[in-house]
Amino acid sequence: MSPELQHRLRNYFSRPGDLKQALEDWWQDFQQRSAELEFADKPMARKLYQAASQGLQRTAPHPELLAAAVHYLCDWDDEESDDTVLGLEDDAEIWNLTCQEFGWKDLMVS
């Protein structure tokens with residue numbers, strides 16, 4: 001695992017909880033708040049949700065990394081707040097770095 005990815009996800013390793021449920025809760029919350037989230041990147045949110053959903057159906061070579069990346073995505077207030085114009089760029093970057101680690105180029109988002 002790259003040192004950068006390990007550093008950026010350091011607060012998201014070993015978080016308990018159902019990853020699928022956390023992702024569903026984040027997506028439902030995003031959809032419910034979409035009217036007030038006028039600056040949020042809604043197309044990127046959909047891409048991230050779909051990619052993470054597919055990723056959770058796979059066997060990850062490092063399950064702890066996948067879990068940390070999903071927890072990061074579901075955290076509205078990570079490096080950038082998800083409800084801002086650039087708020088999902090860091091989420092996409094983390095997701096794509098994770099996909100690179102796993103060789104999941106088909107799940108990378110742009």
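Here we summarise the structure given alongside this text.

## As for the environment of Ser53
Position of Ser53 among the secondary structure elements: in helix H3 (residues 42–55). Taking relative accessible area as the criterion, Ser53 reaches 19% and is therefore assigned buried. Taking the C-alpha atoms as reference points, Ser53 and Leu65, 12 residues apart in sequence, are found 15 Å from one another. The contacts of Ser53, once residues within four sequence positions are left out, are Leu23 and Glu24. For Ser53, the side chain forms a polar contact with the main-chain oxygen of Tyr49, separated by 2.9 Å.

## Overview of the pattern of salt bridges
In the structure shown here, the tally under the stated rule is five salt bridges. Glu79 serves as the salt-bridge partner of Arg8, at 2.8 Å between the closest nitrogen and oxygen. Linking Arg8 in helix H1 (residues 3–8) with Glu79 in the loop between helix H4 (63–74) and helix H5 (89–102), this pair joins segments that are 71 residues apart in sequence. By sharing partners, the salt bridges in this structure join Glu4, Arg8, Glu79 and Glu93 into a single network.

## Quick word on the packing of H4 against H5
As a packed pair, H4 and H5 sit with axes 9 Å apart at the nearest point and diverge in direction by 165°. As summarised for this structure, H4 and H5 are arranged roughly antiparallel, according to the angle between their axes. Remark: the crossing between H4 and H5 carries left-handed chirality. Of H5, the residues touching H4 (which contributes Leu65, Leu66, Ala69, Val70, Tyr72 and Leu73) are Asp90, Asp91, Ile94, Trp95, Thr98, Glu101 and Phe102. Looking at the contact of H4 with H5 residue by residue, the classes come out as nine nonpolar, one polar and three charged.

## Overview of the packing of aromatic side chains
How two aromatic rings sit relative to each other is set out by the distance from centre to centre and by the angle between their planes. Evaluation of the coordinates by the stated rule reveals seven aromatic pairs. Measuring from centroid to centroid gives 5.6 Å for Trp26 and Phe30, while their planes differ by 45°, and the two rings are tilted. Here Phe30 and Trp26 lie together in helix H2 (residues 19–33), a separation of four residues that amounts to about one turn. On the basis of relative accessibility, which here comes to 2%, the residue Trp26 falls in the buried class. Classification of Phe30 as buried rests on a relative accessible area of 2%. Aromatic pair Phe102 and Trp104: ring centres 4.7 Å apart, planes at 65°, arrangement edge-to-face. A relative accessible area of 7% means that Trp104 is categorised as buried. An aromatic cluster is built from Trp26, Trp27, Phe30, Tyr49 and Trp76, whose rings are joined through pairwise contacts. Across the ring face of Trp104, the terminal group of Arg58 is positioned such that the distance to the ring centre comes to 5.3 Å.

Rules behind the numbers
- Residues numbered from 1 in each chain as written.
- Predicted model: local features only at pLDDT ≥ 70, side-chain atom pairs only at ≥ 80, totals over all residues.
- Heavy atoms only, no water.
- Helix = DSSP H or I, 4+ residues; strand = E, 2+ residues; numbered from the N terminus.
- Buried < 20%, exposed > 50% of the residue type's maximum accessible area, 1.4 Å probe, protein only.
- Contact = heavy atoms within 4.5 Å.
- Polar contact = N/O pair within 3.5 Å; in protein donor to acceptor, adjacent residues only side chain to side chain.
- Salt bridge = Lys/Arg side-chain N within 4 Å of Asp/Glu carboxyl O.
- Axes fitted to C-alpha atoms, helices over the stretch in contact; angles between N-to-C directions.
- Parallel < 35°, antiparallel > 145°, perpendicular 65-115°, else oblique.
- Left-handed = near helix turned anticlockwise from the far one by under 90°.
- Nonpolar A, V, L, I, M, F, W, Y, C, P; charged D, E, K, R; others polar.
- Phe/Tyr/Trp six-rings, centres within 6.5 Å; stacked < 30°, edge-to-face > 60°.
- Lys NZ or Arg CZ within 6 Å of the ring centre and 35° of its normal.

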